[in-house]
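Here's the letter readout for the chains.
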Amino acid sequence: MAGTMSSATLPKKTTVQSATAKKSNRALSYVLPVAVLLFFVLGWWLISHFNLFPAYALPTPADVVKSFGEEITSGRLYNDVIASLWRVAVGFILSAGLGIPLGLWLGQHLHARQAFLPMLNFFRFLSPLAWIPFAILWFHIGDKPAIFLIFMATFFPLVIATMSAVSTIPAIYFRVAHDYKYKGAELLTKVTFPAVLPQIITSLRVSYGISWVVIVAAEMVGCQDGLGYGIWEARNGLRLDSAVCYMVVIGVLGMLIDRLLIQFTKLPNVRWGYER
Amino acid sequence: MKLSTKLFIAGTILIIVVLGLLRYKPWSSNGAVNVRDVVHEGPNDKAKRSLTVGFLPVTCHLTCPVTDFASKTTQSNTNFNSRVFTDFPTVVSALEAKQIEATFMIVPLAMKLREEGVPVKICYLGHRDGSEIIVAKKSSARSLKDLKGKTIAIPSLFSNQNFVIHKLMGDYGLKSTDINFVVLPPPDMPTSLASGAIDGYFVGEPFCAKAELDGYGRVLYYARDIWPNFISCALVVHEDLIKEHPEIVQDLVRGIAQSGAWAETHRAEAAKLVAPYYRQDEKVLNYVLTSEPRRVSYVQLTPTDQDFQLIQDMGIKMGLLKKHIPMDELIDRDFIPKEITPAPIDAAKIP
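Position labels on residues start from 1 in each chain and follow its written sequence. Starting at A for chains and at 1 for ligands, labels are handed out in the order in which the entities are written. Local features in this predicted model are restricted to residues whose pLDDT is 70 or higher, and side-chain atom pairs enter the listing and the counts only when it is 80 or higher, whereas totals over whole chains, interfaces and linings include all residues.

### Comments concerning the overall build of chain A
Here's step 1: Where helices and strands are cited, they refer to DSSP runs of H or I of at least four residues and of E of at least two residues respectively, numbered from the N terminus. In terms of regular secondary structure, chain A is built from eleven helices and zero strands.
Here's step 2: Computation of the radius of gyration draws on C-alpha atoms, with the globule rule given as 2.2 Å multiplied by the number of residues to the power 0.38. A compact globule built from 276 residues should have a C-alpha radius of gyration of about 19 Å, whereas chain A, at 24 Å, is more than 25% larger.
Here's step 3: By principal-axis analysis of the C-alpha atoms, chain A measures approximately 75 × 70 × 30 Å.
Here's step 4: Residue burial is a threshold on neighbouring C-beta atoms within 10 Å of the residue's own C-beta, all placed from the backbone, with 20 or more meaning buried, 12 or fewer meaning exposed, and counts in between meaning partly exposed. Per-residue burial for chain A yields a buried fraction of 34% across its 276 residues.
Here's step 5: Distance between backbone-placed C-beta atoms decides contact: two residues are in contact if it is within 7 Å. Residue pairs in contact within chain A that sit at least 24 positions apart in sequence constitute 73% of those at least 6 positions apart.

Listed below in structure tokens is the structure:
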């Protein structure tokens, strides 16, 4: 933003220069990560080529590429990606759908906040993986236990983040709202929610990160498919090459979805929250 | 604000709907059936009914995928789908929820389930032998006595391996505290031995063969040398299935008996057949099945009272099982065929 504004007022020559600088900057932003990646793969290849690690402890890049082919042609990888995405989406939307409203309400009610905060904190610090035995007992195997674990992992941080965002809204907002005679639902949708939206989006991104980490662990038990299960199964089959292939998919998908969530920060209603 | 909120909600709903459709495939007749369940689609149209049977990718459960393959390529009345699990707690949960009604399982765990009131019965065995005590190749141990003070890994407290090694310790006059036992997932055992984290392990194949093939482990005892006709796993069936569909159980037990008889004499072919079900390297499986006949066998699969009484007594002695369950409550031998012919599997059809 600042760049375009200043370039409009500057002489032409500088504009051209800054445009090229921008272009080369842009190119660099692609070249540098690719170079790091290539360097990393080369290092991996060298380690396995010179047998610095025994083959059973580190699969070679070629083996991993081969097992990628196998997983894709058998349709397993596609099935596992869909299974994991489905579980994360449902669990995450459930916890956002319940957690954000609860956080908004708690943020506006001091006594309720005082009453519930210790309990919310207690559950927040319980690792979601501690719930695994109960998840399996209550929901048996399949999608439900994994969705439950995602919910337990993201619900409490979201409630607390929303709640503390609400309680830090400057008092002047509410004084103005009072002058406009906003009350109840109107106050919530016209003042409170827009004011905390940037922070909510940030905490959504953070808890999405948690849920993507948790899904892999959750699928290692009580599931019959999914990316985490793929790793577990590969390990049982003494196939580390296939495990690495799943790890690559998990990492790449996680990054892509985060890129998608970043787009929310560019919405006109929340951009102010990131440009202060 | 309004437009973007609406867009946001619409986008979220769209994502959920698309993912849900892709996940549950309402257009496909199989619905949400896991692609992993069906390794071989068979041409057998005669079968009107089907049953999913649970197993773990260990050679003790080999007859399960063989029965799956045989039911689809030969004439049988029931199609069997073998569903691979990765650990026994999940199998137990699936059995309790009746998501599967028949599975292969370690015998002491089945006894424990029966003890806790889960209505399951052992209808047949899946194998004999099939486990070894492995030590490091450079270890000087010649018998269990030499492992005093060492760390040995077992797959579960409720595994017959745990029971059998305690029996052997008794034979050698060792106290139960003389060896340090750790419970490890079987796939971690070979690598733990290689790194020196443990001094040995007692588990089912192919996790023993792995250490031998990779060159850092050797067999100290074959299970049969310690406990003749060793059993670690058996076919466990939910009583509801026995009551409601005895004909399916009949087909299943016959299928396993015939698959066992076939696998016993077609070992290399069996390794090739099960490799895609196990998602394991055929080489390792082939080594287990063909290198040494003492490793595992798939005949004599009728469970005897004596077999199970020995296991139960040991479990009670160790405090892992609480009460004596009458053998007729635990075992159901009604479905075992009188004559067992090898399954007519055409080796040329194995992909």
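### Quick word on unusual backbone geometry
All names here are of chain B.
Here's step 1: Here the residue pair Glu 205 and Pro 206 is connected by a cis peptide bond, since its omega of 10° sits within 30 degrees of zero.
Here's step 2: Position of Pro 206 among the secondary structure elements: in the loop between β9 (200-204) and α7 (207-213).
Here's step 3: Non-glycine residue Asp 129 carries a positive phi angle of around 60°.
Here's step 4: Along the chain, Asp 129 falls in strand β5 (residues 128-129).
Here's step 5: Positioned with a positive phi, Gln 300 is a non-glycine residue whose angle comes to about 60°.
Here's step 6: Mapped onto the secondary structure, Gln 300 falls in the loop between β12 (296-297) and α13 (305-317).
Here's step 7: Exposure remark for Gln 300: the 13 C-beta atoms within 10 Å place this residue in the partly exposed category.

### Concerning the sheet that holds strand β10 (residues 217-222) of chain B
All names here are of chain B.
Here's step 1: Sheet architecture is open: five strands sit in the order β8-β7-β9-β6-β10, paired in mixed fashion. On the outer flanks of this sheet lie β8 (180-183) and β10, each paired with one strand and no other. The average angle at which neighbouring strand axes cross in this sheet is 30°, direction not considered.
Here's step 2: We call two strands paired when DSSP finds no fewer than two bridges between them. With four bridges connecting them, strand β7 (residues 151-154) and β8 associate as parallel partners. Bridge pairing links Ile 154 to Val 183 in β8.
Here's step 3: Packing of helix α6 (residues 188-195) onto the sheet brings it into contact with β6 (131-136), β7, β9 and β10, and relative to β9 it is tilted by some 165°. To obtain each axis, a line is fitted to C-alpha atoms, and for helices this fit is confined to the stretch in contact; angles are then taken between N-to-C directions over 0 to 180 degrees.

### Details of the nonpolar core
Here's step 1: As used here, a nonpolar core is made of buried Ala, Val, Leu, Ile, Met, Phe, Trp, Tyr and Cys residues. They are joined through C-beta atoms within 7 Å. Counting residues in hydrophobic clusters, the biggest one holds 160 residues, and the most contacted among them are Leu149(A), Ile150(A), Met105(B), Ala234(B), Leu235(B) and Val274(B).
Here's step 2: Element by element, the count of residues in this core is highest for helix α7 (residues 143-167) of chain A, at 17 residues.

### Points about the packing of helix α8 (residues 171-179) of chain A against helix α9 (residues 184-218) of chain A
Between two packed helices, what matters for the description is the angle formed by their axes and the separation of those axes.
All names here are of chain A.
Here's step 1: Interhelical geometry of α8 versus α9 gives an angle of 165° and a closest axis separation of 11 Å. Taken together, the axes of α8 and α9 lie roughly antiparallel to each other. Viewed along their axes, α8 and α9 form a crossing whose handedness is right-handed. Contacts between α8 and α9 involve Tyr 173, Phe 174 and Ala 177 from the first element and Leu 187, Val 191 and Ala 195 from the second.
Here's step 2: Ten residue types, Ala, Val, Leu, Ile, Met, Phe, Trp, Tyr, Cys and Pro, are classed as nonpolar, four, Asp, Glu, Lys and Arg, as charged, and the remainder, Gly among them, as polar. The class makeup of the residues in the contact of α8 with α9 is six nonpolar, no polar and no charged. Reported orientations rely on four angle classes, namely roughly parallel under 35 degrees, roughly antiparallel over 145, roughly perpendicular from 65 to 115, and oblique for the rest. We call a crossing left-handed when the near helix sits turned anticlockwise from the far one by less than a right angle, and right-handed when that turn is clockwise.

This is a description of form; function is not addressed.
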